[in-house]
There are 2 protein chains.
Amino acid sequence: MLRTHTCGELTEDNIGQTVILCGWVAARRDHGKLIFIDIRDRYGFTQVVITPKPYPAAYETAKQLKCEDVVRITGEVNVRPAKTENPKIPTGLVELFTHNLEILNSSKDLPFQIEDTIEVSEEIKLLHRYLDLRRSTMLEKFIIRDKLNYKFREFLNRERFLEVETPFLTKSTPEGARDFLVPSRINPGMFYALPQSPQLFKQILMVSGFDRYYQIARCFRDEDLRRDRQPEFTQLDIEASFVSEEDLFKLVEEMFRFVFKEALGIDLTIPFTRISYQEAMATHQSDKPDIGQGQYRFLWVCDFPLFEYNEEEGRWNSAHHPFTAPKEEDIALLGKDMKNIRSRAYDLVLNGVEIASGSIRIHSRDLQQKIFSSIGLTAEEAQQKFAHLLRAFEYGAPPHGGLAVGLDRLYSIITGCESIREVIAFPKTQKGICPLTEAPSGVGQRQLDELNLSIKEKPEK
Amino acid sequence: MLRTHTCGELTEDNIGQTVILCGWVAARRDHGKLIFIDIRDRYGFTQVVITPKPYPAAYETAKQLKCEDVVRITGEVNVRPAKTENPKIPTGLVELFTHNLEILNSSKDLPFQIEDTIEVSEEIKLLHRYLDLRRSTMLEKFIIRDKLNYKFREFLNRERFLEVETPFLTKSTPEGARDFLVPSRINPGMFYALPQSPQLFKQILMVSGFDRYYQIARCFRDEDLRRDRQPEFTQLDIEASFVSEEDLFKLVEEMFRFVFKEALGIDLTIPFTRISYQEAMATHQSDKPDIGQGQYRFLWVCDFPLFEYNEEEGRWNSAHHPFTAPKEEDIALLGKDMKNIRSRAYDLVLNGVEIASGSIRIHSRDLQQKIFSSIGLTAEEAQQKFAHLLRAFEYGAPPHGGLAVGLDRLYSIITGCESIREVIAFPKTQKGICPLTEAPSGVGQRQLDELNLSIKEKPEK
């Protein structure tokens, strides 16, 4: 290591030791024959003192230092003079008396200062995301994100869930939102699609007998972007076999209790409040009501309608997806009273925001066929759309269910952000652009030729 | 839960208890008035006994059972009669005497049996991957993969590495292998590229002061596929600031020792053997020699040449990538003796296979500019190709380095597989096709129109 300690580490225990620190110049105060600099790294700040004697070279170098220069400092840990201590930071009782100062890299003048609160457009912040991420308020969000991701995995690992990586180059499906497409060079005229979620793969893993699956998975939807939407987003995806709603609710409640306690030191009360969709709409006029009191207000909303009427096409559609199981006692209403058939789908709402959604799935082919008929799909059409899942279901599919947690939304609530862009390291703007890398960009004719594609003339807007 | 126990759980301690198991019929032996079935789930096998009395309904159901039907069985745990015990399995001393037998789902006739060794083409296995994955030899690979992934994370988390998720929709770069492209609908004529690795993002995270980063990341390369290649593959990506080669070697050695011990119960000897590229070529005529003895033979190969001569273009190229640092003592040879300039790049070789690769990066703009000149890139060209990284480097880049471990290769060595396809849940064939989902596939005209693309006439082959 180029350093012996980090900038957040030195305390009174180190007094008298010769140490080496590396970090960024966060501030420089020149008092003539005495220069102070604060150096910063991920772990904290340390105050450094430089005087002309007995180390004049270090002093000469210190005179030219600018904010965000990267330095390496060898020196002795001293106690700070009385009344100059800073009790707010862990290193606040000591300072480093410099013997040697090396500029590892210098910085150009900054487009904005590295301060907790800055008044700069989002475009500029994203263009210089490496500077934006140096701010402790931003760094903290990614430390929390890492910690929660890790604790989710720790809990699920302990509960014997297997993490399985599912493909990103997969098949375009006609349902749901618009797919991002990836042209195949080896198979001209054919396209992969980026997954909107690992839904079908996790169900196939249940058919494979994997029993309990999870994945922190990237998902893709080519939708017009709004404040809380990104073309790529992350979900904690969970599926289990031989379970009922009660098992999943209990698992998810215990998971959140564990993660909040371990990562945030917060005690959640479980079980979470539970209301039906019907009750939520009647009482709160919302399917994701904010139930007040307490910092984190978790709420299960269940019994969502299985179908919703599509005015345009004059028929019933699946409200969730067509593999969602209906409630046992409502199956008799199929084809008779579609509006009142309740599903085994549920949402988890946190502070009025939907953060997870899932269902118990249909595993019986007969029932699945009835559902398809109810939404006007013939057996042939169903085959065409969902061939691989239906084929898998013919060879012994277990009862199963699961859910997916939208991690970007969850983390933006926890860190108090207005937009999920603040908890994504390198997000896109509302125009789908990354100012940092300038993606998307034009590509060469050779690349298009290899893909057997051509770009049409620019459409009129 | 639909069950009280798993199929791998019952022992003599459960004798006399009434339990419920769920699982797949793995075998059925009909002895007339006595039917045995073995039921299987992820956790093991349990022998089940069904007789006509006193539960005739269960017996009638059992008569129709076929392999891979999904069943739910309520019964009493009995000790197996003397001499019928199976000491090879944990449940081998007991059997379940059936009171109630429910078929949760039946299976069609199977395209192949669920056995450890099967003689079926890979195409058929991949078409019915959900059946292939039910084989215990396959399941075991994914249990090992999950365990090692988890242990890698545990080690790196403990060492204060932050897991940061980097984008999948990013910018096409002209270097390296061919990119997979993703047309942008919102920005007609523009394309994202899927990342060949998070290389540039992890370096930017170092400039952001994140200090220690890791990610288990999917990477994409549109290359012609060979046995050990997949269009998407997984790497354990690591980067750290203020480090030298020695720090990274020590970290990676301790990481592998921890993971092998914890996940596999194997003691690795560290430090690993280390040789220079020059010595490897002179002694073994290979830059990834297999150094014999011991089940797992790890070897560092270092001091790779910084440049390689491009005969076609009559100039020197970067052998690794142009951000790789040269060895300090060889910098003087720049422009004079290009062939003999050694880099600070290293590979980790396991049993003769390269499983990791990395380097200490250049952090000085002056040196970076000299390297660009050496490979014939003007400042303008360098800007055009690597604008965002070079811009980031102007604002205080710390010295940093890292490496990436090819997890698919590593896991195929550990599980003794010939191809990385066996350790990927849903792989592609050598034609880039997924037989299970039939990806890639044709897409509708409306989708192409929205992307402002047209497919050219089929090219002649």
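Quick look at the structure, then. Note that the coordinates shown come from a computational prediction; the quantities given were computed from them, not determined experimentally.

About the criteria used
In this numbering scheme, every chain counts its residues from 1 along its sequence in written order. To label them, take the chains in the order written and letter them from A, then take the ligands in the order written and number them from 1. Restriction of local features to residues with pLDDT of at least 70 applies here, the model being predicted, together with a cutoff of 80 or more for giving and counting side-chain atom pairs; totals for whole chains, interfaces and linings are based on all residues. Think of the side-chain values as coming from all heavy atoms in the structure, minus any hydrogens and water. Our working definition of a disulfide is a cysteine sulfur pair at a distance within 2.5 Å. Pairing between strands is defined by DSSP: at least two bridges between the two strands are required. By definition, any uninterrupted DSSP run of H or I lasting at least four residues is a helix, any uninterrupted run of E lasting at least two residues is a strand, and each is numbered from the N terminus. Among buried residues, those of type Ala, Val, Leu, Ile, Met, Phe, Trp, Tyr and Cys that are joined through side-chain atoms within 4.5 Å constitute a nonpolar core. For every residue, the accessible area (1.4 Å probe, protein chains only) is compared with the maximum for its type, and the residue is labelled buried under 20%, exposed over 50%, or partly exposed between those bounds. Contacts between residues were defined by any pair of non-hydrogen atoms, one from each residue, lying within 4.5 Å. Any helix carries an expected span of 1.5 Å times its number of residues minus one. Two axes define the bend at a residue: one fitted to the seven residues ending there, one fitted to the seven starting there, and the bend is the angle between them. Defined in terms of a 1.4 Å probe, buried area is the accessible area two parts forfeit on being brought together, summed over both. Criterion for a salt bridge: a side-chain nitrogen of Lys or Arg within 4 Å of a carboxyl oxygen of Asp or Glu. Definition of a polar contact: a pair of N or O atoms within 3.5 Å, with one able to donate and the other able to accept a hydrogen when the atoms are protein atoms, and with sequence-neighbouring residues admitted only if both atoms are side-chain atoms. Note on residue classes: Ala, Val, Leu, Ile, Met, Phe, Trp, Tyr, Cys and Pro are nonpolar, Asp, Glu, Lys and Arg are charged, and everything else, Gly too, is polar. For this analysis, a ring pair means two rings from Phe, Tyr or Trp (six-membered ring only for Trp) whose centres lie within 6.5 Å, classed as stacked if their planes differ by under 30 degrees, edge-to-face if by over 60, and tilted for the remaining angles. Orientation is described by axes fitted as lines to C-alpha atoms, over the contacting stretch for helices, and by angles from 0 to 180 degrees between their N-to-C directions. Orientation categories follow fixed angle ranges, with anything under 35 degrees roughly parallel, anything over 145 roughly antiparallel, 65 to 115 roughly perpendicular, and all other angles oblique. Here is the rule for handedness: rotate from the far helix to the near one, and if that takes an anticlockwise turn smaller than a right angle the crossing is left-handed, while a clockwise turn gives right-handed. The fit set for superposing copies consists of C-alpha atoms from residues with pLDDT of at least 70 in both; the fit itself is least squares.

1. Some remarks on the state of the cysteines
Phase 1 of the analysis: Here the structure, examined in full by the defined rule, presents zero disulfides over all chains.
Phase 2 of the analysis: Free of any disulfide, Cys219(A) has its nearest cysteine sulfur in Cys434(B), 18 Å distant.

2. Regarding the pairing of strand β14 (residues 315-318) of chain A
All names here are of chain A.
Phase 1 of the analysis: By the bridge criterion, four bridges tie strand β13 (residues 307-310) to β14 in an arrangement that is antiparallel. Along β14, the bridge assignment pairs Glu308 with Asn317.
Phase 2 of the analysis: The hairpin turn running from β13 into β14, its antiparallel successor, is four residues long, and Gly314 in that turn takes a positive phi close to 60°.

3. Details of the nonpolar core
Phase 1 of the analysis: Within the largest apolar cluster, 196 residues are counted, with the highest numbers of intra-cluster contacts made by Phe256(A) and Phe256(B).
Phase 2 of the analysis: Discounting residues that sit within four places of it in the chain, Phe256(B) has contacts with Phe152(B), Leu268(B), Phe272(B), Phe298(B), Leu348(B), Ile355(B), Val405(B) and Leu410(B).

4. What to know about helix α9 (residues 379-393) of chain A
Phase 1 of the analysis: Taking 1.5 Å per residue as the helical rise, α9(A) with its 15 residues ought to reach 21 Å, whereas the 14 Å between its terminal C-alpha atoms falls clearly short.
Phase 2 of the analysis: The principal kink in α9(A), of about 100°, is found at Phe386(A).
Phase 3 of the analysis: Every buried residue belonging to α9(A) is among Ala382(A), Phe386(A), Ala387(A), His388(A), Leu389(A), Leu390(A), Arg391(A), Ala392(A) and Phe393(A), and all of these are buried.
Phase 4 of the analysis: The secondary structure elements touched by the buried residues of α9(A) are α5 (199-207), α8 (365-374) and β17 (400-406) of chain A together with β5 (94-105), α2 (122-127) and α3 (129-132) of chain B.

5. Focus: the sheet that holds strand β11 (residues 273-276) of chain A
Residue and element names in this part refer to chain A.
Phase 1 of the analysis: Spatial strand order, β6-β9-β10-β17-β16-β15-β12-β11: eight strands in an open sheet with mixed pairing. Lying at the two open borders of the sheet, with one neighbouring strand each, are β6 (162-163) and β11.
Phase 2 of the analysis: Relative to β17, strand β16 (residues 353-360) runs antiparallel, the two sharing five bridges. Each residue of the ladder has a partner; that of Ser357, found in β17, is Ala404.

6. Notes on the interface of chain B and chain A
Phase 1 of the analysis: Listed per partner, the contact involves 130 residues of chain B and 131 residues of chain A.
Phase 2 of the analysis: Taking both partners together, chain B and chain A bury about 12,100 Å²; carbon and sulfur atoms supply 57% of that area.
Phase 3 of the analysis: When the area that chain B buries against chain A is broken down by residue, the three leading residues are Glu165(B), Phe242(B) and Tyr395(B), summing to 7%.
Phase 4 of the analysis: Here chain B and chain A share 16 salt bridges between them.
Phase 5 of the analysis: Where Glu394(B) meets Lys108(A), a salt bridge forms, and the shortest distance between an N and an O atom there is 3.2 Å.
Phase 6 of the analysis: For the pair chain B and chain A, the interface holds 69 residue pairs in polar contact (both at pLDDT 80 or more).
Phase 7 of the analysis: Broken down by element, the side of chain B that touches chain A gets its largest block of residues, 10 residues, from helix α4 (residues 136-158) of chain B.
Phase 8 of the analysis: Here the residues of the side of chain B that touches chain A are counted per class, giving 64 nonpolar, 30 polar and 36 charged.

7. Observations concerning the packing of aromatic side chains
Phase 1 of the analysis: Throughout the structure, instances matching the rule amount to 45 aromatic pairs over all chains.
Phase 2 of the analysis: Ring plane angle 40° and centroid distance 5.1 Å describe the contact between Tyr277(B) and Phe304(B), whose orientation is recorded as tilted. Separated by 27 residues along the polypeptide, Tyr277(B) in helix α7 (residues 277-284) and Phe304(B) in the loop between β12 (298-302) and β13 (307-310) bring together distant segments of the chain.
Phase 3 of the analysis: Each residue in the set Phe152(A), Phe256(A), Phe260(A), Phe272(A), Tyr296(A) and Phe298(A) is aromatic and connected to the rest through ring pairs, giving one cluster.

8. Examining the packing of α8(A) against α9(A)
Geometrically, a packed helix pair is captured by the angle between its two axes and the distance between the axes.
Residues and elements named next belong to chain A.
Phase 1 of the analysis: Relative to each other, α8 and α9 sit at 155°, their axes nearing to 12 Å. What the angle tells us is that α8 and α9 run roughly antiparallel. Here α8 and α9 pass one another in a crossing that is right-handed. Contacts from Arg365, Gln368, Gln369 and Phe372 of α8 reach α9 at Ala379, Ala382, Phe386, Leu390 and Phe393.
Phase 2 of the analysis: Here the contact of α8 with α9 is built from residues that sort into six nonpolar, two polar and one charged.

9. Here we look at the pattern of salt bridges
Phase 1 of the analysis: This structure, assessed with the given rule, holds 84 salt bridges over all chains.
Phase 2 of the analysis: Residue Glu159(A) is joined to Arg212(A) by a salt bridge in which the shortest nitrogen-to-oxygen separation is 4.0 Å. Highlighted residues: Glu159(A) in the loop between α4 (136-158) and β6 and Arg212(A) in strand β9 (residues 212-220), separated in sequence by 53 residues.
Phase 3 of the analysis: Between Arg153(B) and Glu163(A) there is a salt bridge, with the nearest N and O atoms lying 3.0 Å from each other. A residue pair is termed interchain when its members come from two chains, as with Arg153(B) in helix α4 and Glu163(A) in strand β6. Each member of the pair, Arg153(B) as well as Glu163(A), is classed as buried.
Phase 4 of the analysis: When salt bridges with common partners are traced through the structure, they connect Lys151(A), Glu154(A), Arg158(A) and Glu262(A) into a single cluster.

10. Focus on unusual backbone geometry
Phase 1 of the analysis: Residue Pro440(A) is bonded to the preceding Ala439(A) through a cis peptide linkage, with omega at -5°.
Phase 2 of the analysis: As for its position among the elements, Pro440(A) is in the loop between α10 (407-414) and α11 (445-450).
Phase 3 of the analysis: Geometrically, the link from Lys53(B) to Pro54(B) is a cis peptide bond, its omega value of 0° lying close to zero.
Phase 4 of the analysis: Here Pro54(B) is to be found in the loop between β3 (44-50) and α1 (56-64).
Phase 5 of the analysis: At Asn452(A), a position not held by glycine, the phi torsion is positive, near 65°.
Phase 6 of the analysis: Following the sequence through the fold, Asn452(A) ends up in the loop between α11 and β18 (453-455).
Phase 7 of the analysis: If you check the backbone angles, Gln285(B) has positive phi at about 50° while not being a glycine.

11. Considering the environment of Ala379(A)
Phase 1 of the analysis: With respect to the helices and strands, Ala379(A) occurs in helix α9.
Phase 2 of the analysis: Sequence separation of Ala379(A) and Tyr309(A) is 70 residues, and the distance between their C-alpha atoms is 21 Å.

12. Details of the side chain of Arg3(B)
Phase 1 of the analysis: Its place among the elements puts Arg3(B) in the segment before β1 (18-30).
Phase 2 of the analysis: You can call Arg3(B) buried: its relative accessible area is 9%.
Phase 3 of the analysis: In this structure the side chain of Arg3(B) is engaged in a polar contact, spanning 2.8 Å, whose partner is the side chain of Asp211(A).
Phase 4 of the analysis: Filtering out sequence-adjacent residues up to four positions away, Arg3(B) remains in contact with Asp211(A), Ser241(A), Phe242(A), Ile20(B), Leu21(B), Cys22(B), Asp41(B) and Tyr43(B).

13. Focus: the relation of the copies chain B and chain A
Phase 1 of the analysis: Its rotation angle being 180°, the transformation that places chain B on chain A also includes 0.0 Å of axial translation and leaves an RMSD of 0.0 Å. Read as a symmetry element, the transformation amounts to a two-fold axis.
Phase 2 of the analysis: The overlap is high: 100% of the interface residues of chain B also sit at the interface in chain A, so the same surface is used on both sides.

14. Let's talk about the sheet that holds β1(B)
Residues and elements named next belong to chain B.
Phase 1 of the analysis: Strand order in the closed barrel formed by five strands is β1-β2-β3-β5-β4, with mixed pairing between adjacent strands. On average, adjacent strands in this sheet sit at an angle of 55° to one another, irrespective of strand direction.
Phase 2 of the analysis: Pairing geometry for β1 and strand β4 (residues 70-79), over seven bridges, is antiparallel. In the strand pairing of β4, Trp24 is matched with Val70.

15. As for the environment of Ala217(A)
Residues and elements named next belong to chain A.
Phase 1 of the analysis: Here Ala217 shows up in strand β9.
Phase 2 of the analysis: When the C-alpha atoms of Ala217 and Thr234 are compared, they prove to be 5.6 Å apart, with 17 residues separating the residues in sequence.
Phase 3 of the analysis: Contact partners of Ala217, with chain neighbours within four places excluded, come to Pro198, Phe233, Thr234 and Gln235.

16. Topic: the packing of α4(B) against helix α6 (residues 245-264) of chain B
Residues and elements named next belong to chain B.
Phase 1 of the analysis: Contact pair α4 / α6: the axes reach a minimum separation of 9 Å and the direction vectors enclose 135°. What the angle tells us is that α4 and α6 run oblique. As for the relative orientation of α4 and α6, their crossing is right-handed in sense. Across the interface between the two elements, Ile144, Lys147, Leu148, Lys151, Phe152, Glu154, Phe155, Leu156 and Arg158 from α4 touch Leu251, Glu254, Met255, Phe256, Phe258, Val259, Glu262, Ala263 and Leu264 from α6.
Phase 2 of the analysis: Residue composition of the contact of α4 with α6, grouped by class: 12 nonpolar, no polar and six charged.

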